[in-house]
Amino acid sequence: MRILQVGDVHYPTATKANRAIDDKDVKFPANLKGTLSSLPIKAVIQRIHSELSAGRIDALIFMGDLTDQGDLAGFRTCANWLMTALELGTGERFADLPVGFVPGNHDIDRTLATTAGLDAKFKPLEAAMAAAGATHFPTAVPLSFAIGEPRASATVHLLNSCWGCGEPENIPVEFRDAIKAAIDGVIVADPQAASVYYDRQLDTPAFDAATITTVASAVSDSPATSLSVLVAHHNLLPQRTPRLAPYTELVNSGSLRGALVSSGRPCLYLHGHIHEDPVEIVHIGRDPPLVVISAPEASAGFNIVEVSFMRSGLPLTCEVIPFRYEAGSIRRGASQSIPLMGERRRSTDRNMAKVYAHVLGAGEVYWGELKAFAETLSTAPDDDTLAEMVELLAADGRFHVENRDLAIDAWIVKAVV
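Quick caveat, the model's predicted, so the values are computed rather than measured. (Residues numbered from 1 in each chain as written. Predicted model: local features only at pLDDT ≥ 70, side-chain atom pairs only at ≥ 80, totals over all residues. Heavy atoms only, no water.)

Undergrad: Before we move on, can you summarise the overall build of the chain with the specific residues and values?
TA: When you go through the chain residue by residue, the secondary structure sums to twelve helices and 16 strands. Contacts in the chain between residues at least 24 apart in sequence constitute 68% of all its contacts with a sequence separation of at least 6. Looking at the chain as shown, the accessible area adds up to about 18,600 Å², and 53% of this sits on carbon and sulfur atoms. (Helix = DSSP H or I, 4+ residues; strand = E, 2+ residues; numbered from the N terminus. Contact = heavy atoms within 4.5 Å. Areas by Shrake-Rupley, 256 points an atom, 1.4 Å probe, with all protein chains shown as cover.)

Undergrad: Describe the packing of aromatic side chains, with residues and values.
TA: Applying the stated criterion to the full structure yields seven aromatic pairs. Residues Tyr-11 and Trp-81 carry aromatic rings whose centres are separated by 5.2 Å and whose planes lie at 50 degrees to one another, so their mutual orientation is tilted. Taken as a pair, Tyr-11 in helix 1 (residues 11–14) and Trp-81 in helix 4 (residues 72–85) lie far apart in primary sequence, 70 residues in all. Since its relative accessible area comes to 23%, Trp-81 is described here as partly exposed. (Phe/Tyr/Trp six-rings, centres within 6.5 Å; stacked < 30°, edge-to-face > 60°. Buried < 20%, exposed > 50% of the residue type's maximum accessible area, 1.4 Å probe, protein only.)

Undergrad: Pulling in residues and values, what's your account of helix 3 (residues 40–53)?
TA: Taking 1.5 Å per residue, 14 residues should reach 20 Å; helix 3 reaches 20 Å between its end C-alpha atoms and fits that length. Regarding helix 3, the residues found buried are Pro-40, Ile-41, Ala-43, Val-44, Ile-45, Ile-48, His-49, Glu-51 and Leu-52. Directly after helix 3, the chain includes Gly-55, whose backbone phi takes a positive value near 80 degrees. (Expected span 1.5 Å × (residues − 1).)

Undergrad: Explain the sheet that holds strand 5 (residues 152–158) to me, using residue names and the numbers behind them.
TA: Read across the open sheet, the six strands follow the order 4-5-6-7-9-8; overall the sheet is mixed. At either margin of the open sheet sits one strand with a lone partner, and together these are strand 4 (143–149) and strand 8 (279–282). On average, adjacent strands in this sheet sit at an angle of 20 degrees to one another, irrespective of strand direction. In terms of strand pairing, strand 5 meets strand 6 (residues 228–231) through four bridges, oriented parallel. Pairing of Leu-158 across the sheet is with Val-231, part of strand 6. Docked against the sheet, helix 9 (residues 253–261) engages strand 6, strand 7 (267–271), strand 8 and strand 9 (290–294), running at close to 135 degrees with respect to strand 9. (Pairing = 2+ DSSP bridges. Axes fitted to C-alpha atoms, helices over the stretch in contact; angles between N-to-C directions.)

As structure tokens, then:
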């Protein structure tokens, strides 16, 4: 099962980004410059369309911040552009593809955030999404939907992490009015100050309490073979690079994080916001992990999150595959594989030990050679069973599989000592 994860678009800014060209001739024809180079965001969207066309994507998820500084016109334009350029929505080529968006802090118009907890600031965003044909956009409550097939499936939970964003009422009451008046005065007098405000505002991003309760219960009560994928704009863990700005982390991320880690179920948490792309793992003992995956800013590329399942339906591994914009093209980077099963990944199949010993002795084995060896065993496994053994041993860190993104006939299995 494959999820394509797209980070912050920041559409107005992205359309003005530098092209991959060393431009030292101001008189060079503009139309020819456009022929010789492409905007990074355009190249990224074109590659995403190619991945969708290949037919191997089960869901397309955007991490929020479609616009800059609460620019509703920019938000509308970006939503329409994405849906049109990628042929998404009713009647389009990829009408059946599940597509999810979440709101970001830059999408919020601060002039509508007049009362703490009031959802007026989300209404224009909901309307813009509906007009663009995007039906999965959470505001007041989480939105959940299933993806994949019966034996390789997950439930996606789209969450709104922007409660509190842009609301002056969250400034401490002792100096709230004075600070609010100062902010309003500076933004009106200096247009450049708006950019500074949205980067450093006294923000209090948060989930509402009902969201945490609802999602935590849904994850804990899900079947043992289930995989939960949570999506929000803000990072669940403090970012690695210190951010010297007040109130920029989720104020109640620990509540949701604690519930997910103790659920006994593997979970993926996808987010944007920080414009970096770490993959971080949280777990207790040998319990299934919570894997936190950040997407880079959209103009820098995207991630494909690929989950492998056992034939029983248990999630086995999560592989994060980065696609990054470099020198005018999109390149696939080195992937990172994370085991998802915890202690449940153990097997009692004695043939697995024999397969491991064979590869360990050889050091490196091509799939055809491994299949020939497996046929000598007293109860010879079929291709699916043998592939599952290799996947399990790779999840344990005992095997490394080259060409894993290709058909199994192309696999090269190496023992890791």
